[in-house]
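Overview (structure and organization)
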Amino acid sequence: MKIFMTVLTAFSAVLSLFLCGCGEQPSAADGKIRVTAGLPPVAYIAKKIAGERISVQTMLPEGKSPHDYAPGPRDVRNASGAKLFLSTGLPFEVRAVKPLQSVKIVDITKDAAKIPFGGDHEHGPGCIHDHDDHTGHHHEAMDPHIWLDFDNISKMAKIITAEFSAVDPAGIAVFKKNCAALLAEIAAADNRIKAKLAPYKDREFFVYHAAFGYFAHRYHLKQTAIELGGREIAPARLAEVIRKARKSNTRVIFVQPQFNPASSKALADAIGGKVSPLDPLAGNVIENLENMADTISTAFAGEVKK
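Residues numbered from 1 in each chain as written. Predicted model: local features only at pLDDT ≥ 70, side-chain atom pairs only at ≥ 80, totals over all residues. Heavy atoms only, no water.

**Focus: the pairing of strand E1 (residues 33-37)**
Across the five residues of E1, five count as buried, placing the element largely inside the fold. Residues Ile-33, Val-35 and Ala-37 point to one face of E1 and Arg-34 and Thr-36 to the other, with burial holding for every one of them. Handedness of the crossover is the feature at issue here: the chain leaves E1, passes through helix H2 (residues 40-50), returns alongside strand E2 (residues 54-58), and the resulting connection is right-handed. Bridge analysis of E1 against strand E3 (residues 84-87) gives three bridges, and the strand direction is parallel. Along E3, the bridge assignment pairs Ala-37 with Leu-86. (Buried < 20%, exposed > 50% of the residue type's maximum accessible area, 1.4 Å probe, protein only. Helix = DSSP H or I, 4+ residues; strand = E, 2+ residues; numbered from the N terminus. Right-handed = clockwise from strand over helix to strand, strands pointing away. Pairing = 2+ DSSP bridges.)

Below is the structure:
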């Protein structure tokens, strides 16, 4: 038994070295510096800035929930070969970066204007709940979905530009030019969304999970979530939301593709409405925010305000 345990320990040490210190080099096969982003929206921003100079990969596959996703050995090995890891601080990212010894971990949220996590607007703009959300955060903590606010996206872009310029000084002019173009694209999209949603100031929209607080805050809307704290929805909670939805004459319940739509469908049936997708994690974040505005405004236009 002692011999077996000694061999097992040695094997584990070798495996750890392979994953953490002996992964791919910080350059791709084409010679580009490699960067890993935890989330698809962050990878999209990074790619817009990187242009052809830096290779950017995403750890979380599109369509997967950060709550369910556990990085495997291959994911960690790939990330260990990157020069930078762009993190929003979600629990799966925190777990993934622990073994990375030669990768710089970049907190791209450090300059973001953060709001409390919330799902029920009656408790104020952030809604503080004393329980955990699907990412492992407590609801008295800050909402992690910072990429759903264009001001925060702009701040993230500037941080990424600075980090890329530090690891690839020869590309500074390219990164700055690409960042400026991205900021202009962001400003234009933001103005279009403001104009589209302006007629619906203070209107309430219903979602399965409270992922859209930044979007609601920026465009003066109110979100109410069916699910609170990552827990199974109690009949009393469902009845409460049904009452609110009927009072506001809501006809559309928005559900993220990362969650089971069954509860949303039950609510939609109860109010004579329908379920519509709304994805907070889509890669092309600029297009996604505009699509969200279109979807929500279309839902509002189909409701008769009482």
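**Looking at the packing of helix H5 (residues 150-167) against helix H6 (residues 172-197)**
Where H5 meets H6, the closest approach of the two axes is 10 Å, and the angle between their N-to-C directions is 175°. Taken together, H5 and H6 sit at an angle that is classed as roughly antiparallel. Contact residues: Phe-150, Ile-153, Ser-154, Ala-157, Lys-158, Thr-161, Phe-164 and Ser-165 in H5; Ile-172, Phe-175, Lys-176, Cys-179, Leu-182, Leu-183, Ile-186, Ala-189, Asp-190 and Ile-193 in H6. (Axes fitted to C-alpha atoms, helices over the stretch in contact; angles between N-to-C directions. Parallel < 35°, antiparallel > 145°, perpendicular 65-115°, else oblique. Contact = heavy atoms within 4.5 Å.)

**Focus on the sheet that holds strand E6 (residues 222-225)**
Pairing within the open sheet is parallel, and its four strands lie in the order E6-E5-E7-E8. At either margin of the open sheet sits one strand with a lone partner, and together these are E6 and strand E8 (274-277). Each strand of the sheet is rotated relative to its neighbour by a mean of 40°, with strand direction disregarded. Looking at chain direction, strand E5 (residues 204-207) and E6 are connected through four bridges and run parallel. Bridging from a neighbouring strand, Phe-205 pairs with Gln-223 of E6.

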